[in-house]
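Residues per chain are reported as follows:
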Amino acid sequence: MNQNQSTITRRTFVRTSAAALVVTAAHPQLLPAAEAPASNKMIGLQIGVVSFVDEGVEQTLDILQERGAVNTIFLTTFTYGRGLAGRQIPGQPFPDHGKQESDEKTFHGGNYATPHPEFYKNTVLKQTRAPDHGGLDIVAAVLPAARKRGLKLFCSIEDVFRGDVPGVREVAEVDLQGHKTGTLCLFHPDVRAFWTGLAADLCKSYDIDGILFFNERNGPLLNALGASHAQRIASASVTCFCEHHQKAARAAGISLERAREGYTKLDQFVQAALKDQRPSDGYFVEFWRLLVEYPEIIAWDRLFDEGKHQVLAEVHATVKAARANLRVGFHIEHVNSFNPIFRATRRYEDLAKKADFLKVVVYNNCGGERYANFIRNAASTVFRDVPRDELLRFNNHLLNYGDEAGLNELATAGLSPDYVARETKRALDGVRGRCLILPGIDIGIPTGRNSRKATLDDTFAATKAALAAGAQGVIFSRKYSEMRLANLEAAGKAVRQFGK
Ligand SMILES: [Zn+2]
């Protein structure tokens, strides 16, 4: 680190917290220094290709180590989504580094490493090479620089596709109306072969430390109700009713026709609710009656989960077969925190059998806005008879949340560091030591115009909460290209104080 950077760093520290200064003065080794490891824990950061292209590999790694105390890079290697890749998303202010120009027109996505054809023999998804940066192979470009510094490097791969990728239409999900969608059916043999092929390719072609796999897709029940933070209620277009799903359903003794009928009735229930047409027995009773009369609704939702978890297990086995010391992690999406019905479909203990680590989303700043969205959606259909603020308080009890803001203040307040601590603790208790828990820490995840923007103290407190709760590390999320450096530095400061 040069003298100038060091001065800026310390000045910011003084401004941020007087208490921290006292700690720093008493323990000079806590000053940001590249010489000693800042933490014994795994301190990860998610970063996409464009940041290295815009800002340079060595310069970027300098910043991550010095400011963020990062020792593990989660390099977005495969996705067509902008949550993990690309510059700042359109409509949001650029952070104080990187190119200040939208890549909306040039962003494409795909595989940012080099796909080796022998790994994709059993899938129609053969042409996924990302064209965004010419012939650049980002893993080959970053890995040697990371190794030289003693940094670990994981490839992040995400199940977000585009409908125009060759082969996608052939292996896509089929919705309730019989239409092909742009998402991959996880029961399609070519899709399963694609994920294991990609994992094998990355693990055998590069000397990486492992894979972090993202799949945020929900089953038909949650999608029908819009019962996540993603605001869409899509009861008419739930999936999947393709031939491979039919085959899996037959094997499990579930009737496709009954499932289709159940989801059609659920769609009618949702549409009537949105028009304020109250069933004579009330919304919740009518919903529950549907589940009683059509247990196939739950069974079909469970089938989706089985498909998703089968792919996780296959990716895990593939990575371990490539090299036994490679590690596999799964991103556990935000809805797992907000929605008790979703929570009931997951056991941390079971997930731990397929993973070496779980990245549990505890994004608390954007969490306020997202949780409020979830409550509003739940209160639009199944819980339409319950005043929204009461529903929020009731749900807080179910989830063991502490003293969080009321519904109208949630977006501007965000969720608290106590939320981060509680969700970290729950995950640690759930896996019972069978795998590592690395909470995903929100650094600059975009929120609405009037929603909370995290202060430096907020980011410090969230990072501290996760580490102090006993997490074996943290992963700064979602992507470096949306993080302000001062917030990254505040997170790094918490690591240096509480990450031993
Ligand atoms: Zn299917």
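Preceding this paragraph is the structure being described.
Definitions and cut-offs
Here the residue numbering is sequential within each chain, running from 1 through the sequence in written order. A pLDDT threshold of at least 70 governs which residues receive local features in this predicted model, and a stricter bar of 80 or more applies before side-chain atom pairs are shown or counted, although totals over entire chains, interfaces and linings include all residues. Heavy atoms from the whole structure form the basis of all side-chain values; hydrogens and water molecules are not counted. Note that water is not among the atoms considered, so a metal site may appear incomplete; the donors listed are N, O and S atoms within 2.8 Å of the metal, with 3.2 Å applied to Na, K and Ca. Irregular is the label for any site that misses the other tests, which are tetrahedral for four donors with all angles between 85 and 135 degrees, and square planar for four donors or octahedral for six when opposite donors exceed 155 degrees and the remaining angles lie between 65 and 115. Each helix corresponds to a stretch of at least 4 residues labelled H or I by DSSP, and each strand to a stretch of at least 2 residues labelled E; elements are numbered beginning at the N terminus. To sort residues, take the accessible area from a 1.4 Å probe on protein chains only and compare it with the maximum for the residue type: under 20% means buried, over 50% means exposed, and anything in between is partly exposed. Fitted lines through C-alpha atoms give the axes, limited to the stretch in contact for helices. The angle between two N-to-C directions lies from 0 to 180 degrees. Working rule for angles: under 35 degrees goes down as roughly parallel, over 145 as roughly antiparallel, 65 to 115 as roughly perpendicular, anything else as oblique. Here a residue-residue contact requires only that any non-hydrogen atoms of the pair lie within 4.5 Å. Here the term charged refers only to Asp, Glu, Lys and Arg, the term nonpolar to Ala, Val, Leu, Ile, Met, Phe, Trp, Tyr, Cys and Pro, and the term polar to all other amino acids, Gly among them. Only residues whose relative accessible area exceeds 30% and that take part in no salt bridge are eligible for patches, with like-charged residues grouped when within 9 Å of each other and nonpolar side chains (Val, Leu, Ile, Met, Phe, Trp, Tyr) grouped when within 5 Å. We get accessible surface area from the Shrake-Rupley algorithm with a probe of 1.4 Å; when it comes to residues, only the shown protein chains can shield them. Definition used for salt bridges: Asp or Glu carboxyl oxygen within 4 Å of a side-chain nitrogen of Lys or Arg. Polar contact is the term for a pair of N or O atoms within 3.5 Å; when the atoms are in protein, one must be able to donate a hydrogen and the other to accept it, and sequence-neighboring residues count only if both atoms are side-chain atoms. Think of it this way: a Phe, Tyr or Trp ring, Trp meaning its six-membered ring, pairs with another when their centres are within 6.5 Å, and the plane angle makes it stacked under 30 degrees, edge-to-face over 60, tilted otherwise. Whether a charge sits over a ring depends on NZ of Lys or CZ of Arg being within 6 Å of the ring centre and within 35 degrees of the ring normal. As used here, the term nonpolar core means buried Ala, Val, Leu, Ile, Met, Phe, Trp, Tyr and Cys residues forming a set that is joined through side-chain atoms within 4.5 Å. Working rule for helices: expected span equals 1.5 Å times residues minus one.

Engineer: Honestly, the coordination of the zinc ion in this entry has me stumped. Any pointers?
Structural biologist: Between any two of four tetrahedral donors, the ideal angle at the metal is 109.5 degrees; between two of six octahedral donors, it is 90 or 180 degrees. Bound to the zinc ion on the protein side are C185 (SG), C240 (SG), C242 (SG) and H245 (ND1), at distances that span 2.2 to 2.3 Å. Note that the zinc ion binds four donor atoms; their angles at the metal cover 97 to 124°, and the shape is tetrahedral. Each donor residue of the zinc ion belongs to the same chain, and together they define the spacing C-x54-C-x1-C-x2-H. Taken together, the residues C185 in the loop between β6 (180-184) and α7 (189-205) and C242 in the loop between α8 (220-225) and α9 (243-252) connect sequence positions 57 residues apart. With a relative accessible area of 1%, C185 lands in the buried category.

Engineer: Looking at this structure, I do not really get the packing of helix α10 (residues 256-274) against helix α12 (residues 296-322). What am I missing?
Structural biologist: Any two packed helices are characterised by how steeply their axes cross, that is the angle between the axes, and by the distance between the axes. With their axes 8 Å apart at the nearest point, α10 and α12 run at an angle of 105° to one another. In terms of their interaxial angle, α10 and α12 are classed as roughly perpendicular. The segment α10 lies against α12, with L256, R258, A259, G262, Y263 and L266 engaging E296, I297, W300 and D301. Class assignment for the residues of the contact of α10 with α12 results in six nonpolar, one polar and three charged.

Engineer: Would you mind showing me how to read a nonpolar patch on the surface here?
Structural biologist: On the surface, F284, V285, W288 and V292 cluster together into a nonpolar patch covering about 390 Å² of accessible area. Structurally, the position occupied by V285 is in helix α11 (residues 283-293). For V285, a relative accessible area of 37% translates into the label partly exposed.

Engineer: How should helix α5 (residues 138-148) be read in this particular structure?
Structural biologist: In an α-helix, one turn spans 3.6 residues, which is why side chains three or four residues apart end up on the same side. What α5 keeps buried is the set I138, V139, V142, L143, A145 and A146. Against α3 (49-55), α4 (57-68), β2 (72-79) and β4 (152-158) lie the buried residues of α5. The N-cap of α5, judged by a side-chain oxygen 3.1 Å from the amide nitrogen of V139 a few residues on, is D137. Where α5 ends, the next residue or the one after it, G150, has phi of about 75°, a positive value.

Engineer: Explanation requested: the packing of aromatic side chains in the structure shown.
Structural biologist: How two aromatic rings sit relative to each other is set out by the distance from centre to centre and by the angle between their planes. For the structure shown, the criterion picks out 23 aromatic pairs. Their ring planes at 55° and their centres at 5.4 Å tell us that F78 and F194 sit as a pair that is tilted. Remark: F194 occurs in helix α7 and F78 occurs in strand β2; sequence separation between them is 116 residues. The pair formed by F78 and F194 is uniform in burial state, with each residue classed as buried. Ring centres 5.2 Å apart and planes at 65° place the aromatic pair Y371 and Y401 in the edge-to-face group. A residue pair is termed long-range when its members are at least 10 positions apart, and Y371 in helix α16 (residues 365-378) and Y401 in the loop between α17 (388-399) and α18 (407-413) qualify at 30 residues. According to the relative accessible area criterion, Y371 is buried, its value standing at 0%. Members of the aromatic cluster, connected to one another through ring pairs, are F78, Y80, Y120, F161, F194, W195 and F213. Above the ring of F460, the side-chain terminus of K493 is found at 4.7 Å from the ring centroid.

Engineer: I would appreciate a short explanation of the pattern of salt bridges in the present structure.
Structural biologist: Opposite charge on two side chains permits them to pair, given that their charged atoms come into close proximity. Following the criterion strictly, the structure yields 34 salt bridges and no others. Between R484 and D96 there is a salt bridge; the shortest N-O distance is 4.0 Å. In this pair, R484 sits in the loop between β12 (473-477) and α21 (485-498) while D96 sits in the loop between β2 and β3 (110-111), placing the two residues 388 residues apart along the sequence. Judged by its relative accessible area of 44%, R484 is partly exposed. Classification of D96 by relative accessible area gives partly exposed; the value is 39%. Here E286 makes a salt bridge to R289, at a shortest N to O gap of 3.3 Å. Taken together, the residues span about one helical turn, with E286 and R289 both in helix α11 at a distance of three residues.

Engineer: Is there a simple way to explain the nonpolar core in this structure?
Structural biologist: One broad rule of soluble globular proteins: the nonpolar side chains tend to lie buried together. Counting residues in hydrophobic clusters, the biggest one holds 139 residues, and the most contacted among them are F161, W195, I208, L266, L358, Y371 and F476. For this core, the element with the most residues is α12, which contributes nine residues. Listed in part, the nine residues of the second largest apolar core include M42, L212, F214 and L438.

Engineer: What is the right way to read unusual backbone geometry from this model?
Structural biologist: Outside of glycine, negative phi angles account for most residues, and trans bonds account for most peptide bonds. Look at the link from T239 to C240: it is a cis peptide, with omega at 0°. With respect to the secondary-structure elements, C240 resides in the loop between α8 and α9. Going from S477 to R478, the amide bond is cis rather than trans, its omega being 0°. Note on placement: R478 falls in the loop between β12 and α21. For A69, which is not glycine, the phi torsion reads 55° and is therefore positive. Locating A69 in the fold gives a position in the loop between α4 and β2. For A69, a relative accessible area of 4% corresponds to the buried category.

Engineer: I tried to follow α16 on my own but got confused; where do I start?
Structural biologist: The terminal C-alpha atoms of α16 lie 21 Å apart, and with 14 residues this matches the ideal 20 Å at 1.5 Å per residue to within 8%. α16 sits mainly inside the fold: 13 of its 14 residues count as buried.

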